[in-house]
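Survey of secondary and tertiary structure
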Amino acid sequence: MSAEIVNVREYEAHAKQKLAKMSFDYFSTGADDQWSLQENIRAFGRIRIRPRILVDVNDVDLSTQVLGYRVSMPIMVAPTGHQKLAHPEGELATARATSAADTIMVLSSSANSTLEDVANTGPGTRFFQLYIFKDREYVAEVVRRAERAGYKAIVLTGDVPRLGNRENDKKNRFTLPAHLTIANFAGIGGRTNLLTSKSNESSLTTFNNSQMDSSVSWKDIGWLKGITSLPILIKGVLTGEDAVLAVRSGVDGIMVSNHGARQLDFTPATISVLEEVVQAVRGRVPVFLDGGVRRGTDVFKALALGAAGVFVGRPVVYGLAVDGEAGVRKVLRTLRDEFEVAMMLSGCIRVQDISRSHVLTENEPLCCSKL
Ligand SMILES: Cc1cc2nc3c(=O)[nH]c(=O)nc-3n(C[C@H](O)[C@H](O)[C@H](O)COP(=O)(O)O)c2cc1C
Ligand SMILES: CCCCCCC(=O)C(=O)O
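Residues numbered from 1 in each chain as written. Chains lettered and ligands numbered in written order. Predicted model: local features only at pLDDT ≥ 70, side-chain atom pairs only at ≥ 80, totals over all residues. Heavy atoms only, no water.

Details of the side chain of T29
Condition: Strands are runs of DSSP state E lasting at least 2 residues, helices are runs of H or I lasting at least 4, and numbering of each runs from the N terminus. In protein, a polar contact requires one atom able to donate a hydrogen and another able to accept it; more generally it is a pair of N or O atoms within 3.5 Å, and residues adjacent in sequence count only if both atoms are side-chain atoms. Contacts are residue-level and defined by heavy atoms, with any inter-residue pair within 4.5 Å sufficient.
Among the secondary structure elements, T29 is positioned in the loop between α2 (21-28) and α3 (35-45). Looking at T29, its side chain comes within polar contact range of the main-chain oxygen of D25, at 2.6 Å. Dropping the residues within four chain positions of it, T29 is found in contact with Q34, L37, N168, R262 and R314.

Shown next, in the form of structure tokens:
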């Protein structure tokens, strides 16, 4: 199956054929009218690349550093929940494939695998994505477990004070099959809350409404720093204002993200606001991006606009659904290869060579650039 697939977008249709409707809808859809879901992709299409030619690109090198860790490419795996709905090996297969690609996986707080089981798949640089639920002691213990298991950073997701309006999950009355749980939070409803859904409600909403601490604010970065020495990334920043608050609160990195358009619809595409965030941050911490990355050229565009790296969500899940670990490996390999082509055909030898002058955004005229 995987041999016929030549780009990561093609995985989606194959995943749809393989998965139950409830699972495919959970993975693929966004909030409300799904305008932002399409916009995340469309906005990349409005950015053009300004290639430079006759550069010796024989020794192209895609590797870079993320929080001091070397990765083979600036393409990493975003946290996505419930991967065992895609494949029986779920997060374990994703972890193995990500390590094989020599890049970073962020394990979701909504994973169906324990963080220890993921760590035990073998060596690899992994971050743990965190939701702050009402039971702070439970959350603190999960953070301590992540530290003990060797996770290298905490990615605090800041855009889910409540769950977005996901109409397909409502219609499908999304529930987990009895053998699956939100493994690292099973003790606070991650088992029981997910098994049944109220009428016209996804069980994720039931779980979220009962457990999520909607009072979480910037001061809680201080709380988190008090319970862990791991670096903290904040995920969900979409404005320069919040980027400034993030830096002031002492985070070690920022992820520009609209949660794959699953939370607030009509947020701009992440690639459209990346530069605003980068300018507000003024180089004080690295800025990453996720949302709509489907091509090596998308990675190139994000780096040209100031991202230190990108994270990929749905394509990884679709690869997992189609072919397990091999599918995730192929998704990462395909993006890597495309990114290499984009770099070479633009005259870039190192990731650091990709500069603002390599792209034109929709607000910039096509002709007569700075000579
Ligand atoms: C099925 C699914 C589950 C997700 N679960 C989480 C999660 O548990 N925690 C989180 O911070 N983000 C979660 N996200 C958002 C992703 O981390 C990421 O922001 C988004 O998928 C990037 O967009 P892309 O899917 O277009 O690559 C999820 C996204 C999807 C598609
Ligand atoms: C903890 C509340 C449910 C979150 C579900 C995982 C997630 O973030 C998603 O987008 O789906």
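Digging into the UniProt feature "active site" (unreviewed entry) in the protein chain
The following threshold applies: UniProt positions are given in the numbering used here, feature names are shortened, and annotations may be inferred rather than shown by experiment. Only protein chains enter the accessibility calculation, which uses a 1.4 Å probe. A residue is then buried if its area is under 20% of the maximum for its type, exposed if over 50%, and partly exposed in between.
Here, the residues flagged by UniProt with the feature "active site" (unreviewed entry) are H259. Considering the arrangement of structural elements, one finds H259 in the loop between β9 (253-256) and α11 (270-281). Exposure remark for H259: the relative accessible area of 12% places this residue in the buried category. Residues contacting H259, with those up to four places away along its chain left out, are Y131, T157, D159, V160, R166 and K235.

Considering the pairing of strand β6 (residues 126-130)
Filter applied, for reference: For two strands to be treated as a pair, DSSP must find no fewer than two bridges joining them. The crossover handedness rule: strands pointing away from the viewer, path from first strand over the helix to second strand clockwise, crossover right-handed.
Burial analysis of β6 places five of its five residues in the buried class, which makes it a mostly covered element. Alternating positions in β6 separate into two faces, R126, F128 and L130 on one and F127 and Q129 on the other, with burial throughout. As paired elements, strand β5 (residues 105-107) and β6 share three bridges and run parallel to each other. The residue bridging V106 from the neighbouring strand is F127, located in β6. Of the pairings in the sheet, the one linking β6 to strand β7 (residues 154-157) comprises three bridges and is parallel in character. Within β7, the residue paired with Q129 across the bridge is V155. Note that the unit made of β6, helix α6 (residues 136-149) and β7 has a crossover that is right-handed.

Re the site of ligand 2
As a reminder of what qualifies: Note on terminology: near, applied to a residue and a molecule or strand, indicates that one of the residue's heavy atoms is within 4 Å of it. The classification used treats Ala, Val, Leu, Ile, Met, Phe, Trp, Tyr, Cys and Pro as nonpolar, Asp, Glu, Lys and Arg as charged, and all other residues, Gly among them, as polar.
Close contacts around ligand 2 come from Y26, S110, Y131, F133, L163, R166, F207, N208, H259 and R262, and that covers them all. Between ligand 2 and Y131 there is a distance of 2.5 Å, counted from an oxygen atom to a side-chain nitrogen or oxygen. Take H259: an N or O atom from its side chain is 2.9 Å from an oxygen atom of ligand 2. Residue composition of the shell around ligand 2, by class: five nonpolar, three polar and two charged.

Considerations on the site of ligand 1
Heads up, the rule is: Method for areas: the Shrake-Rupley scheme with a 1.4 Å probe, in which residue coverage is limited to the protein chains shown.
Taken together, 23 residues lie near ligand 1, and P79, S108, T157, D290 and R294 sit nearest. S257 is positioned such that a nitrogen or oxygen atom in its side chain is 3.3 Å from an oxygen atom of ligand 1. Between ligand 1 and D290, the relevant distance is 2.7 Å, taken from an oxygen atom to a side-chain nitrogen or oxygen of the residue. Protein chains bury 99% of the 600 Å² of accessible surface belonging to ligand 1 in isolation. Split by residue class, the shell around ligand 1 holds six nonpolar, twelve polar and five charged.

Looking at the side chain of T98
With respect to the helices and strands, T98 occurs in helix α4 (residues 90-100). Note on T98: relative accessible area 1%, which makes it buried.

A closer look at unusual backbone geometry
Phi angles above zero are rare outside glycine, and H82 is one such case at about 55°. Examined against the element boundaries, H82 turns out to sit in the loop between β4 (75-77) and α4. In this structure, H259 takes a positive phi of about 60° despite not being glycine.

Side note on α2
Among the eight residues of α2, seven are classified as buried, and the element is accordingly described as predominantly covered. The set of residues buried in α2 consists of M22, S23, F24, D25, Y26, F27 and S28. Contacts from the buried residues of α2 go to α1 (10-18), α3, α7 (167-171), α8 (203-211) and α13 (314-346).

Remarks on helix α10 (residues 240-248)
Quick reminder of the rule: This arc is taken over the directions from the axis of the helix to the C-beta atoms.
If you check which residues of α10 are buried, you get G240, A243, A246 and V247. Summarising the axial view, the buried residues of α10 lie within an arc of 115°, below the 170-degree limit, and thus occupy one face. Of the exposed residues in α10, those oriented more than 90 degrees away from the buried face are E241 and R248. Where the residues of α10 are buried, they touch β8 (232-237), β9 and α11. Two residues or fewer past α10, G250 is found with a positive phi of approximately 95°.

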